[in-house]
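Residue-level structure breakdown
Here's the letter readout for the chains.
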Amino acid sequence: MAVLKVKFTKTKRDKLAQILWILNWVSVVSGIILFSLGLFLKIEIKKRNEVMAKGDINSVPNMLISVGVIACIINFLGGKICYDCSDANKFSRWKLVMLPYIVCTFCFTFCILVGALMCYTMRNELEESLYLGLRDAIKFYKDTDIPGRCFLKKTVDLLQIGFHCCGNNGFRDWFEIQWVSARYLNMASKEVQDRLKSNVDGKFLVDGVPFSCCNPSSPRPCIQYQLTNNSAHYNYDFLTEELNIWVRGCREALLDYYTAIMRSIGVAALLIWLFELSVLIGVRYLQTAMKNVLLLGDLEGESDGWLLENSFVETAKYNISIIKNLGKANQISTVSGMNDPNIDVQNTNCGKNNVTTKTIPAAR
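The structure presented is a predicted model; accordingly, all values stated were derived computationally and were not measured. (Residues numbered from 1 in each chain as written. Predicted model: local features only at pLDDT ≥ 70, side-chain atom pairs only at ≥ 80, totals over all residues. Heavy atoms only, no water.)

1. Some points on the side chain of Ser 212
This is how the line gets drawn: Strands here mean DSSP runs of E at least two residues long; helices mean DSSP runs of H or I at least four residues long; both are numbered from the N terminus. In protein, a polar contact requires one atom able to donate a hydrogen and another able to accept it; more generally it is a pair of N or O atoms within 3.5 Å, and residues adjacent in sequence count only if both atoms are side-chain atoms.
By secondary structure assignment, the location of Ser 212 is in the loop between helix 7 (190–197) and helix 8 (250–296). Of the polar contacts made by the side chain of Ser 212, one reaches the side chain of Asp 157; its length is 2.8 Å.

Pasting the structure below:
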């Protein structure tokens, strides 16, 4: 029994073909939108590539870009097919193409769904990439004279100023590394020597943060050095004071920023997927209705259209049987007792059980 069978008249078939022609051109625009969203996300990731570790974070934008390009091609072809399907004579040349086209389009719409879901599952990979990338960027913050790292100070400062953040997880990350370049340290100073000797790594560690961590909207002058020393500042209590530096970590700030972008892109991709799926259902109805018109031979009469010719269970069993028999087409059965396994011939008995063989007379 056919699934969701609908009866179409000649007028309904023509209107369906015209509507699908328009919708396929709208789908071309949706493919351009998918391509643009993927390109935008790729550029946004590229902007802060210095503070991200190498990983699979580009898989989502690459997926969206690829799906967007394929959408433009498939829907352009679909528009041409639907335009010709308004004429039964023109449909005959697309008759053998439409079913493979529908199958390919179904796989393509599934890829759109996968791309939309990837936008929501990318958070963990992005968080790990940001954690490792920011850790290394902060670690090399002081290396302004080393090629390949000299740009990191500017990158981190602009990042902290732009996203109102400080450090990787928080401002305390700066307490654990030497972020002041050695070229600015007075090695003859006793204070510097004591700080270098105060840890096993011989680093100049201070309870301070770079200037880019300062909150310019704070009414109090920025306290960026000796943050944990109450006696170093007037009327200051580190434990109860509202610090005039950014206390939010840059990893959290960037993660929220990219998560908001990907959620918006995911919603757009889901809407496009639903739209593409509705267009595909319409094309399936048009294909089956036009096919039945040709079988009936009455081009002006009514015809049935459906999503599946048989029930879901029967269709699944049929497709499974096709998949199982794919590898059996080249197999050749053998007959027991025969010398040549490549010959499958039944042994026949003509009724003569005792037949004497003629011998060739020996030459004298």
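2. What about the state of the cysteines?
Our working rule: Cysteine sulfur pairs qualify as disulfides if the two atoms are within 2.5 Å. The buried label applies to any residue whose accessible area, calculated with a 1.4 Å probe on protein chains only, is under 20% of its type's maximum; exposed applies above 50%, and partly exposed to all values in between.
The final tally for this structure, using the stated rule, is three disulfides. Through a disulfide, Cys 166 is tied to Cys 213; the S-S separation comes to 2.1 Å. Between Cys 166 and Cys 213 the sulfur-sulfur dihedral comes to about 85 degrees; the bridge is accordingly right-handed. Of this pair, Cys 166 sits in the loop between helix 6 (152–163) and helix 7 while Cys 213 sits in the loop between helix 7 and helix 8, placing them 47 residues apart in sequence. Judged by relative accessible area, Cys 213 falls into the buried class, the value being 0%. If the cysteines joined by disulfides in the protein chain are listed in sequence order, their pairing comes out as 1-6, 2-3, 4-5. As a non-bridged cysteine, Cys 107 has Cys 104 as the owner of its nearest cysteine sulfur, 6.5 Å distant. Taking relative accessible area as the criterion, Cys 107 reaches 43% and is therefore assigned partly exposed.

3. Observations concerning the UniProt feature "transmembrane region" (unreviewed entry) in the protein chain
To be explicit about the condition: UniProt positions are given in the numbering used here, feature names are shortened, and annotations may be inferred rather than shown by experiment.
Within this structure's numbering, the places UniProt gives as "transmembrane region" (unreviewed entry) are residues 20–40, 60–78, 98–120 and 265–286. Spanning residues 60–78, this segment combines 100% helix with 0% strand, and its end C-alpha atoms are found 26 Å apart. The span residues 98–120 carries 100% helix and 0% strand; its end-to-end C-alpha distance comes to 34 Å.

4. Quick notes on the packing of helix 5 (residues 123–139) against helix 8
Two packed helices can be described by the angle between their axes and the distance between those axes. For the record, the criterion: Whenever a helix is involved, its axis is fitted only over the stretch in contact; in every case the axis is a line through C-alpha atoms, and angles between N-to-C directions fall within 0 to 180 degrees. Each crossing is labelled by how the near helix is turned from the far one, with a counterclockwise turn of less than a right angle marking it left-handed and a clockwise turn marking it right-handed. What makes two residues a contact is simply this: any of their non-hydrogen atoms within 4.5 Å. The classification used treats Ala, Val, Leu, Ile, Met, Phe, Trp, Tyr, Cys and Pro as nonpolar, Asp, Glu, Lys and Arg as charged, and all other residues, Gly among them, as polar.
Interaxial distance between helix 5 and helix 8 falls to 10 Å at its minimum, and their mutual angle equals 145 degrees. Along this stretch, helix 5 crosses helix 8, giving a crossing that reads as right-handed. Across the interface between the two elements, Arg 123, Leu 126, Glu 127, Leu 130, Tyr 131 and Leu 134 of helix 5 pack against Cys 250, Arg 251, Leu 254, Leu 255, Asp 256, Tyr 258, Thr 259 and Met 262 of helix 8. Each residue belonging to the contact of helix 5 with helix 8 can be placed in one class, and the counts come to nine nonpolar, one polar and four charged.

5. Here's the deal with the packing of aromatic side chains
Here is the rule: The rule is short: rings of Phe, Tyr and Trp, with Trp giving its six-membered ring, pair when the centres are within 6.5 Å, and they are stacked under 30 degrees, edge-to-face over 60, tilted in between.
The full count for this structure, using the stated rule, is nine aromatic pairs. Relative to Tyr 285, the ring of Phe 8 lies with its centre 6.1 Å away and its plane at 55 degrees, an arrangement referred to as tilted. With a gap of 277 residues between them, Phe 8 in strand 1 (residues 6–8) and Tyr 285 in helix 8 connect regions that are remote in the sequence. For the pair shown, Phe 8 and Tyr 285 are each scored as buried. For the pair Trp 174 and Trp 179, a centre-to-centre distance of 6.2 Å together with 75 degrees between the ring planes defines the contact as edge-to-face.

6. Thoughts on a nonpolar patch on the surface
Our working rule: For patch detection, residues must exceed 30% relative accessible area and be free of salt bridges, and they are connected within 9 Å for like charges or within 5 Å for nonpolar side chains (Val, Leu, Ile, Met, Phe, Trp, Tyr). Accessible surface area values rest on a Shrake-Rupley calculation with a 1.4 Å probe, where residue burial reflects the displayed protein chains alone. When a carboxyl oxygen of Asp or Glu is within 4 Å of a side-chain nitrogen of Lys or Arg, the pair counts as a salt bridge.
Taken together, Trp 21, Ile 22, Trp 25, Val 26, Phe 76 and Tyr 83 make up a surface patch of nonpolar side chains, about 610 Å² in accessible area. When residues of the nonpolar patch are traced back to their parent elements, those giving at least two are helix 1 (10–47) and helix 2 (59–84). When residues of the nonpolar patch are assigned to their parent elements, the largest contribution, four residues, is made by helix 1. The topology assignment puts Tyr 83 in helix 2. Taking relative accessible area as the criterion, Tyr 83 reaches 48% and is therefore assigned partly exposed.

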